[in-house]
Amino acid sequence: MSESSMLEKFEDKIKREVKIEPREWMPDAYRKTLVRQISQHAHSEIVGMLPEANWITRAPSMRRKVALLAKVQDEAGHGLYLYSAAETLGTSRKEMVDDLLSGKAKYSSIFNYPTITWADIGAIGWLVDGAAIMNQVPLCRTSYGPYARAMVRICKEESFHQRQGYEIMLTLAQGSEEQKAMAQDALDRWWWPSLMMFGPSDKDSKHSAQSMAWKIKRKSNDELRQNFVDATVPQARLIGLTIPDPDLKWNEERGSYDFGEIDWEEFWNVVKGNGPCNKQRLDARNKAHEEGRWVREAALAFAEKQAKRKSEKEQVA
Amino acid sequence: MNEKNDWPLWEVFIRSRSGLNHKHVGSLHAADADMAIENARDVYTRRNEGISIWVVESKYVIASNPGDEESLFDPADNKIYRHPTFYELPDEVKHM
Ligand SMILES: [Fe+2]
Ligand SMILES: [Fe+2]
Ligand SMILES: [Fe+2]
């Protein structure tokens, strides 16, 4: 079959909402875009464990601790589902991990902010996982089969993450003046970085149009951001917290909230590696990788030895 | 950063409850079969998703070529006589 007729067949599938599966013909740029997007997403799940891990041993109760532990464990699983999906496109785990460790690959900038109080764990679950869910639900319909299936699993698991975060915020907001102030302070610090999670505005997003045409992305950055604001503002109000945006206002005509301009300079600065924790996060990943090396090698040596023994025994028998 | 060898890739199949087939759920890396089962339990059955796990090293899976889709599967398209609705029976015959 000629390249042009394969392209035609591919585009027809996209049009008819038929999923593209591994080993089927696909345009090179489609494959590359997917590898970039899925591996970045996987890295985000993995690096995203770090800010929360910071509080596991200091969680204020057993109930909070088991929940946080389970959540962080879920994120490791999400990383795995996504790495596996990317591997079906012909890249290897090693390549992806190497790119993360060397700083070549990107991950979500939100994880380059520090978790300085317990309320930050509440804010992350509520806002960061909330934003992630907003992003991920439409990705369950993405055009690449393995990615869509990974997203379905992930979305099922995410909903408890957001609920546990919101419950932490609710509890703090109903507590002492000090606890309430702590919750408000966390919201103040996490609000804008959470809005930035949806990426640059549609007019500045260089990959968006093609990704939408290929149905890799199903909703635009600005659309998702607006949905997130509309969903979250009433949740803040319900627990008596204030969104730190003086321009936030209900727009009757649009049936949506108008909100202030995002500080894009800060956004690009963190993307470029100058956020408060970029270095700390990469150092932590590299340290874990290096310190785990002997375990990986020992496991492999053990497996080889077992296999050899087994084949020797079979020869004798 | 040069690792001697990556752990091999395994495909994971889960039986969600008795009476159902094992179904492919994804893949993972593990040094050997025992570890593949353990890892599969930890990542794919954290919420009672399964009662039985199969793992098989990915390199042993032989798959049909997507390019052969038409020659393999289209011949079944025009064999409507393999379906019960092809046969015309009197209305009086209620269930057959
Ligand atoms: Fe996640
Ligand atoms: Fe996520
Ligand atoms: Fe999450």
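Look above for the structure.
Quick look at the structure, then.

Basis of the calculations
Residues numbered from 1 in each chain as written. Chains lettered and ligands numbered in written order. Predicted model: local features only at pLDDT ≥ 70, side-chain atom pairs only at ≥ 80, totals over all residues. Heavy atoms only, no water. Helix = DSSP H or I, 4+ residues; strand = E, 2+ residues; numbered from the N terminus. Buried < 20%, exposed > 50% of the residue type's maximum accessible area, 1.4 Å probe, protein only. Axes fitted to C-alpha atoms, helices over the stretch in contact; angles between N-to-C directions. Parallel < 35°, antiparallel > 145°, perpendicular 65-115°, else oblique. Contact = heavy atoms within 4.5 Å. Patch = residues over 30% accessible without salt bridge, like charges linked within 9 Å, V, L, I, M, F, W, Y side chains within 5 Å. Areas by Shrake-Rupley, 256 points an atom, 1.4 Å probe, with all protein chains shown as cover. Salt bridge = Lys/Arg side-chain N within 4 Å of Asp/Glu carboxyl O. Phe/Tyr/Trp six-rings, centres within 6.5 Å; stacked < 30°, edge-to-face > 60°. Lys NZ or Arg CZ within 6 Å of the ring centre and 35° of its normal. Donors = N, O, S within 2.8 Å, 3.2 Å for Na, K, Ca; no water. Tetrahedral: all angles 85-135°; square planar, octahedral: opposite > 155°, others 65-115°. Buried area = accessible area lost by both parts, 1.4 Å probe. Left-handed = near helix turned anticlockwise from the far one by under 90°. Nonpolar A, V, L, I, M, F, W, Y, C, P; charged D, E, K, R; others polar. Pairing = 2+ DSSP bridges.

The subject of this paragraph is the overall build of chain A. Scanning chain A from terminus to terminus reveals 13 helices and 2 strands. Principal axes of the C-alpha set define a box for chain A whose edges measure 75 × 50 × 35 Å. The 317 residues of chain A split such that 52% are buried.

Let us now look at the packing of helix H5 (residues 93-102) of chain A against helix H12 (residues 278-291) of chain A. Residues and elements named next belong to chain A. Interhelical geometry of H5 versus H12 gives an angle of 135 degrees and a closest axis separation of 9 Å. Here H5 is positioned oblique relative to H12, judged by the angle of their axes. Counting all contacts with H5, which are made through Val97, Leu100 and Leu101, the residues of H12 involved are Leu282, Arg285, Asn286 and His289.

Glancing now at a nonpolar patch on the surface. Residues B:Ile80, B:Tyr81, B:Phe86, B:Tyr87, B:Leu89, B:Val93 and B:Met96 make up a contiguous nonpolar surface patch of about 750 Å² in total accessible area. Structurally, B:Ile80 is set in the segment after helix H2 (69-73).

Okay, the packing of aromatic side chains next. To describe a pair of aromatic rings, you give the distance between the ring centres and the angle between the ring planes. All names here are of chain A. Across all of its chains, the model carries 14 aromatic pairs over all chains by this definition. Ring plane angle 65 degrees and centroid distance 6.3 Å describe the contact between tryptophan 55 and tryptophan 118, whose orientation is recorded as edge-to-face. Linking tryptophan 55 in helix H3 (residues 49-56) with tryptophan 118 in the loop between H5 and helix H6 (119-139), this pair joins segments that are 63 residues apart in sequence. Across this residue pair, the class does not change: tryptophan 55 and tryptophan 118 are buried. In textbook terms, an aromatic cluster arises when at least three aromatic residues are bridged by ring pairs, as seen for Phe10, Trp25, Tyr30 and Trp214. Directly above the aromatic system of tryptophan 55 lies the positively charged group of arginine 58, at a separation of 4.2 Å from the ring centroid.

Residue and element names in this part refer to chain A. Coordination of the iron ion (ligand 1) by the protein comes from Glu45 (OE), Glu75 (OE), His78 (ND1) and Glu158 (OE), over a distance range of 2.0 to 2.2 Å. Here the iron ion (ligand 1) binds 4 donor atoms, and the angle range of 83 to 153 degrees at the metal identifies the geometry as irregular. Along the chain, the residues donating to the iron ion (ligand 1) fall in the pattern E-x29-E-x2-H-x79-E. A distance of 3.3 Å spans the gap from the iron ion (ligand 1) to the iron ion (ligand 2), which glutamate 45 bridges by coordinating each metal. With a gap of 3 residues between them, glutamate 75 and histidine 78 both fall in helix H4 (residues 62-87), about one helical turn apart. The exposure class assigned to glutamate 75 is buried, which follows from its relative accessible area of 5%.

Contacts between the two partners involve 26 residues from chain B, matched on the other side by 28 residues from chain A. Of the roughly 2,400 Å² buried between chain B and chain A on both sides combined, carbon and sulfur atoms contribute 49%. Run the count over chain B and chain A and you get 5 salt bridges. Put simply, A:Lys9 and B:Glu70 hold a salt bridge, and the shortest N to O gap is 3.5 Å. Broken down by secondary-structure element, the contributors of at least two residues to the side of chain B that touches chain A are strand E2 (22-29), helix H1 (33-44) and H2 of chain B.

All names here are of chain A. Contact geometry for H6 and helix H8 (residues 177-196): axes closest at 9 Å, N-to-C directions at 30 degrees. Of the possible angle classes, the one that applies to H6 and H8 is roughly parallel. Read as a crossing pair, H6 and H8 show a hand that is right-handed. Across from Ala119, Asp120, Ala123, Ile124, Trp126, Leu127, Val128 and Ala131 in H6, the residues of H8 making contact are Met182, Ala183, Ala186, Leu187, Arg189, Trp190, Trp191 and Ser194. Along the lines of polarity and charge, the residues of the contact of H6 with H8 split into 13 nonpolar, 1 polar and 2 charged.

Take the pairing of strand E1 (residues 9-15) of chain B next. All names here are of chain B. Here 7 bridges tie E1 to E2, and the two strands are oriented antiparallel to one another. Residue tryptophan 10 lies in a different strand from E2, and its bridge partner there is leucine 28. Connecting E1 to the next strand, E2, in antiparallel fashion are 6 residues, including glycine 19 with a positive phi near 95 degrees. Here E1 runs beside strand E3 (residues 52-57); their pairing, made up of 6 bridges, is antiparallel. Directly across from valine 12, in E3, lies its bridge partner valine 55.

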